Every structure is written in C-alpha cells, then in structure tokens.
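Overview (structure and organization)
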Amino acid sequence: MCCLVEALGGLAGGAIGGIAPDVLEPAISPNHRKLAHSVATAGAISLAKVAEWQDMCRRRGATATQTALSCAAGTRERADAEFAAFGWSFLAGFIAGFFAGYASHLALDAVTARGLPLWGLG
Ligand SMILES: [Zn+2]
C-alpha cells in the first residue's frame, strides 16, 4: 500500500514540478525565462537533498503505521495515524517527482534556441 501511495505522490509531484517553471513564469513573451528558468535554479535543484527528505518521510510514515497498528480498529486515533502514514508516503513520492519534473522542464528548455539564462535576474 505504501509503495502505491508513494508512486501516486511521485506522479502528482512530477506533473506539478513539470509545469511549475511555466506557472511561475508564464510563456507570455519570448523573454519569459527568468530566475525560475535559470541555470542557477537548475543548480539549486541539483543540490536538494531529495533522498534525505524521502528517507525522513518514509521513517515518519513507518512510525505512523506502527502507531495505527497499536490502536484499536475503528478508533479516531487509528484513523488519524493511518491518514498520517498515507500523507508521509505520498509526500515521499511527491518530493522526488516534483524535483524530477522541474529538472526535466529546465533540461528540455535548455536545448531550445533561447536556452536558459544563467541567473535570470535581469
Ligand atoms: Zn519553460
């Protein structure tokens, strides 16, 4: 169950990360690529501690699952713990998907005629 939830989180994160640069800087002019589309942002994304954040989410999800299993079926505490476990698993996937989607957007934009600005602050 947790793997399926994490995969769904990755799917959602990839879809949202993939469009995020153009949501932040809509393609309403040929020069719309600024900071969100820059080489600097691509570098910052590459430094993100995605695996570390995923591990943290998975650990918290496992703790929530253990809490849920220790609660009696049908109680509010169990439902809350199950919801937390679901959320942490979803977030573990979402993080990886978001950064992969964002990076792939920048990679594809980089090979176009206009490419990416270095900083995009001008
Ligand atoms: Zn773009």
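Please read all numbers here as calculations on a predicted model, not as lab measurements.

An α-helical segment advances 3.6 residues per turn. Residues three or four places apart therefore align on the same side. The end-to-end C-alpha separation of helix 1 (residues 2-24) is 31 Å, in line with the 33 Å expected for 23 residues at 1.5 Å each. At glycine 18, helix 1 shows its maximal bend, which comes to roughly 30°, and the proline proline 21 appears one to four places after that position. Of the residues making up helix 1, those classed as buried are Val5, Glu6, Gly9, Gly13, Gly17, Ala20 and Pro21. Tucked into the core, helix 1 has its buried residues touching helix 3 (50-70) and helix 4 (76-110).

Around the zinc ion, the protein contributes the donor atoms Asp22 (OD), His37 (NE2), His105 (NE2) and Asp109 (OD), which lie 2.1 to 2.4 Å from the metal centre. Linear spacing of the donor residues for the zinc ion on their chain is D-x14-H-x67-H-x3-D. Pair noted here: histidine 37 is in the loop between helix 1 and helix 2 (39-47) and aspartate 109 is in helix 4, with a separation of 72 residues, a long-range link. Note on histidine 37: relative accessible area 0%, which makes it buried.

Glancing now at the confidence of the model for the chain. When pLDDT is averaged across the chain, the result is 95; 99% of the residues are at 70 or more. Element-level mean pLDDT values for the chain span from 93 in helix 2 up to 97 in helix 4.

In the structure shown here, the tally under the stated rule is six aromatic pairs. Aromatic side chains phenylalanine 86 and phenylalanine 90 sit 6.4 Å apart centroid to centroid with 15° between the ring planes, which places their arrangement in the stacked category. Of this pair, phenylalanine 86 and phenylalanine 90 both sit in helix 4, four residues apart, which is roughly one turn of the helix. The partly exposed category is assigned to phenylalanine 90, whose relative accessible area is 28%. Ring geometry for phenylalanine 94 and phenylalanine 98: centres 6.2 Å apart, planes at 20°, overall stacked. With a gap of four residues between them, phenylalanine 94 and phenylalanine 98 both fall in helix 4, about one helical turn apart. On the basis of relative accessible area, phenylalanine 98 is assigned to the partly exposed category, the value being 22%. Three or more aromatic residues joined by ring pairs make a cluster, and in this case those are Trp53, Phe86, Phe90, Phe94, Phe98, Phe99 and Tyr102.

Attention now goes to the pattern of salt bridges. Tallying each qualifying case throughout the model produces five salt bridges. In this structure, glutamate 6 and arginine 58 form a salt bridge, with 2.4 Å as the shortest nitrogen-oxygen distance. Within this pair, whereas glutamate 6 is found in helix 1, its partner arginine 58 is found in helix 3, the two being separated by 52 residues in sequence. Take arginine 58: its relative accessible area is 38%, and that puts it in the partly exposed class. Residue aspartate 80 is joined to arginine 76 by a salt bridge in which the shortest nitrogen-to-oxygen separation is 3.0 Å. Here aspartate 80 pairs with arginine 76, and both are found in helix 4, just four residues apart, close to one helical turn. Residues participating in the shared-partner salt-bridge network are Glu6, Asp55 and Arg58.

Conventions we followed
- Residues numbered from 1 in each chain as written.
- Predicted model: local features only at pLDDT ≥ 70, side-chain atom pairs only at ≥ 80, totals over all residues.
- Heavy atoms only, no water.
- Helix = DSSP H or I, 4+ residues; strand = E, 2+ residues; numbered from the N terminus.
- Expected span 1.5 Å × (residues − 1).
- Bend = angle between axes of the 7 residues up to and from the residue.
- Buried < 20%, exposed > 50% of the residue type's maximum accessible area, 1.4 Å probe, protein only.
- Contact = heavy atoms within 4.5 Å.
- Donors = N, O, S within 2.8 Å, 3.2 Å for Na, K, Ca; no water.
- pLDDT = per-residue confidence, 0-100.
- Phe/Tyr/Trp six-rings, centres within 6.5 Å; stacked < 30°, edge-to-face > 60°.
- Salt bridge = Lys/Arg side-chain N within 4 Å of Asp/Glu carboxyl O.

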